[in-house]
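# Analysis of the macromolecular model
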Amino acid sequence: MSDFKIETKCIQSGYNPGNGEPRVLPIYQSTTFRYTSSEQMGRLFDLEESGYFYTRLQNPTNDAVAAKICDLEGGAAAMLTSSGQAANFYAIMNIVEAGDHIVCASAIYGGTFNLYAHTIKKMGVEATFVDPDCSEEELNAAFQENTKAVFGEAIANPALTVLDLEKFAKAAHVHGVPFIVDNTFATPINCRPFEWGADIVTHSTTKYMDGHATCVGGAIVDSGNFDWEAHADKFPGLTTPDETYHGIVYTQKFGKAAYITKATSQLMRDLGSIQSPQNAFLLNLGLETLHLRVPRHCENALAVAKYLKNHEKVAWVTYPSLPGDKNYEKAQKYMPAAHAAC
Ligand SMILES: Cc1ncc(COP(=O)(O)O)c(C=O)c1O
């Protein structure tokens, strides 16, 4: 639905029922899917044929919701995860190995900081944290021979720093690695990082996407733009045979869907952080009103920020849409819809 407005995509994308089929996305609450021959099951297991067989790997409800989020971001392929933490873990682990390194903006959600600074370090992956407002020289200096990705949040939780997406994308691409953006706070209503050079977007759908505080969840979207083959030596997991799938080379077999297919068929297979179809259904209901709720959130937040700014007992206020805020210009550039809403 790439030609439709984002408001229409919030409602219509991802699920396209035929005549006589349910108008509302059904909940496929089934662990397994039926086949009459074990030969066909074998082909599905071996990724020689596409189809559903086990919900840890793929489920029709989850796939429809992932497709909607993919469309909202303007991506090529997407998957749901059980939480935002799982999304950010998978997004990195899908392309690193022990001995690798990532560059990360220092203003990020505390849980993600712990994940990248401490937990993946125990797995042999080091992170260098950079001030999001650092110069291009300082940013470039953070890269190492073994750097495999750059990560940042479009709007940082809780600092509300707006990331200079073009600056980070440029540095990532000069060094031949993808730029991964957590777009949780901005949502695709306010910012679409792929339009500014990001390669992969992650979400904690737990927040505005869900919108009703019912379900913890996450999503990963791939733009399909990063050329893994051009940097094949850095990303052997995508560009050389996967022995756990009879020698499949993801980039050759799946093209723009290579990154998400690998994350689904390897990481989800082995680590299993799947979102339940019931939660995906509720997430989808939240997504249907995302375009209505996000502008209202922005309007309300700006009113609160202005009130507090003028309050004698308040020492300081930061809100990116507040005139004079240090993130104001970047917010206007990268999130124009947030301003139009106010
Ligand atoms: C920006 C951001 N990313 C990721 C997460 C982690 O998401 P979850 O709580 O869904 O695991 C959060 C949670 O607050 C967040 O704010």
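For the structure itself, consult the block above.
Computed from a predicted model, the values in this text were never measured in an experiment.

Turning next to helix H4 (residues 84-93). Summarising burial for H4: nine of the 10 residues are buried, a large majority. Residue Ser83 occupies the N-cap position of H4, its side-chain oxygen lying 3.4 Å from the main-chain nitrogen of Gln85.

The next subject is the site of the ligand. In the region of the ligand, 15 residues are neighbours, and Asn157, Asp182, Ser204, Thr206 and Lys207 sit closest. Protein contact buries 91% of the 390 Å² of open area that the ligand shows by itself. Ranked by residue count, the leading element in the shell around the ligand is H4, at three residues. In the shell around the ligand, the residues fall into three nonpolar, nine polar and three charged.

Moving on: the pattern of salt bridges. Pairing is possible between side chains that carry opposite charge, provided their charged atoms lie close to one another. Summed over all chains, the structure comprises eight salt bridges. Note that Asp133 and Lys326 form a salt bridge whose closest N and O atoms lie 3.5 Å from each other. Pair noted here: Asp133 is in the loop between strand S3 (126-130) and helix H6 (136-141) and Lys326 is in the loop between helix H13 (290-309) and helix H14 (328-334), with a separation of 193 residues, a long-range link. Take Lys326: its relative accessible area is 60%, and that puts it in the exposed class.

Let's shift gears to the nonpolar core. Side chains of nonpolar character tend, in soluble globular proteins, to be buried together. One finds Ile69, Tyr116, Ile120, Phe179, Ile220 and Met335 to be the most contacted residues of the largest nonpolar core, which totals 93 residues. Setting aside residues up to four positions removed in sequence, Met335 forms contacts with Ala154, Ile155, Val162, Ala186, Asn190, Cys191 and Lys330.

Here the residue pair Asn157 and Pro158 is connected by a cis peptide bond, since its omega of 5 degrees sits within 30 degrees of zero. Counting through the fold element by element, Pro158 comes out in the loop between strand S4 (147-153) and helix H7 (165-174). Here the phi dihedral of Leu160 falls at roughly 65 degrees; this positive angle occurs in a residue that is not glycine. Structurally, the position occupied by Leu160 is in the loop between S4 and H7. One non-glycine residue, Thr187, lies in positive phi territory at about 60 degrees. Position of Thr187 among the secondary structure elements: in helix H8 (residues 187-190). Residue classification places Thr187 among the buried positions, given a relative accessible area of 0%.

Take the packing of aromatic side chains next. Scanning the entire structure with this criterion turns up 13 aromatic pairs. Here the aromatic rings of Phe113 and Phe129 are separated by 4.7 Å at their centres, their planes lie at 45 degrees, and the arrangement is tilted. With a gap of 16 residues between them, Phe113 in helix H5 (residues 110-122) and Phe129 in strand S3 connect regions that are remote in the sequence. We classify Phe113 as partly exposed; its relative accessible area is 31%. Taking relative accessible area as the criterion, Phe129 reaches 25% and is therefore assigned partly exposed. Put simply, the rings of Phe226, Trp228, Phe235 and Tyr259 touch in pairs and so form one group of aromatic residues. The cationic tip of Lys207 hangs over the ring face of Tyr109; the distance from NZ or CZ to the ring centre is 5.9 Å.

The next point concerns the sheet that holds strand S2 (residues 101-105). Spatially, seven strands are ordered S1-S7-S6-S5-S4-S2-S3 in an open sheet, and the strand pairing comes out mixed. Since the sheet does not close on itself, it has two edges, and those belong to strand S1 (77-81) and S3, each with one partner. Geometrically, the sheet is characterised by an average inter-axis angle of 20 degrees between neighbouring strands, direction not taken into account. Lying over the sheet, helix H3 (residues 60-73) contacts S1, strand S6 (200-204) and strand S7 (218-222), oriented at roughly 125 degrees with respect to S1.

With that out of the way, let us pick up the side chain of Arg293. Structurally, Arg293 can be placed in helix H13. One buried charged residue, Arg293, forms no salt bridge at all, with the nearest opposite charge on Asp210 at 7.3 Å. Of note is the side chain of Arg293, whose polar atom sits 3.4 Å from the backbone oxygen of Met209. A polar atom in the side chain of Arg293 sits 2.7 Å from the backbone oxygen of Gly286. Beyond its immediate sequence surroundings of up to four residues, Arg293 is in contact with Tyr208, Met209, Asp210, Gly211, Gly286 and Leu287.

Here we come to the environment of Asn183. In this structure, Asn183 sits in the loop between strand S5 (179-182) and H8. Note on Asn183: relative accessible area 0%, which makes it buried. Taking the C-alpha atoms as reference points, Asn183 and Glu21, separated by 162 residues in sequence, lie 33 Å from one another. Setting aside anything within four residues of it in sequence, one finds Asn183 in contact with Glu73, Ala154, Pro188, Cys191, Pro193, Val201, Thr202 and His203. Side-chain polar atoms of Asn183 contact the backbone oxygen of Cys191, separated by 2.9 Å.

Turning next to the pairing of S2. With five of its five residues buried, S2 lies for the most part within the structure. Burial along S2 is two-sided: His101, Val103 and Ala105 and Ile102 and Cys104, pointing in opposite directions, are all buried. Of the strand pairs in this sheet, S2 and S3 are connected by five bridges, and their pairing is parallel. Across the sheet, Ala105 pairs through a bridge with Val130, a residue of S3. Pairing between S2 and S4: four bridges, direction parallel. Residue Val103 lies in a different strand from S4, and its bridge partner there is Val150.

Reading the values: the criteria
- Residues numbered from 1 in each chain as written.
- Predicted model: local features only at pLDDT ≥ 70, side-chain atom pairs only at ≥ 80, totals over all residues.
- Heavy atoms only, no water.
- Buried < 20%, exposed > 50% of the residue type's maximum accessible area, 1.4 Å probe, protein only.
- Helix = DSSP H or I, 4+ residues; strand = E, 2+ residues; numbered from the N terminus.
- Polar contact = N/O pair within 3.5 Å; in protein donor to acceptor, adjacent residues only side chain to side chain.
- Near = heavy atom within 4 Å.
- Areas by Shrake-Rupley, 256 points an atom, 1.4 Å probe, with all protein chains shown as cover.
- Nonpolar A, V, L, I, M, F, W, Y, C, P; charged D, E, K, R; others polar.
- Salt bridge = Lys/Arg side-chain N within 4 Å of Asp/Glu carboxyl O.
- Core = buried A, V, L, I, M, F, W, Y, C linked by side-chain atoms within 4.5 Å.
- Contact = heavy atoms within 4.5 Å.
- Phe/Tyr/Trp six-rings, centres within 6.5 Å; stacked < 30°, edge-to-face > 60°.
- Lys NZ or Arg CZ within 6 Å of the ring centre and 35° of its normal.
- Pairing = 2+ DSSP bridges.
- Axes fitted to C-alpha atoms, helices over the stretch in contact; angles between N-to-C directions.
- Lys, Arg positive; Asp, Glu negative; His and termini not counted.

Shape descriptors only; they carry no functional weight alone.
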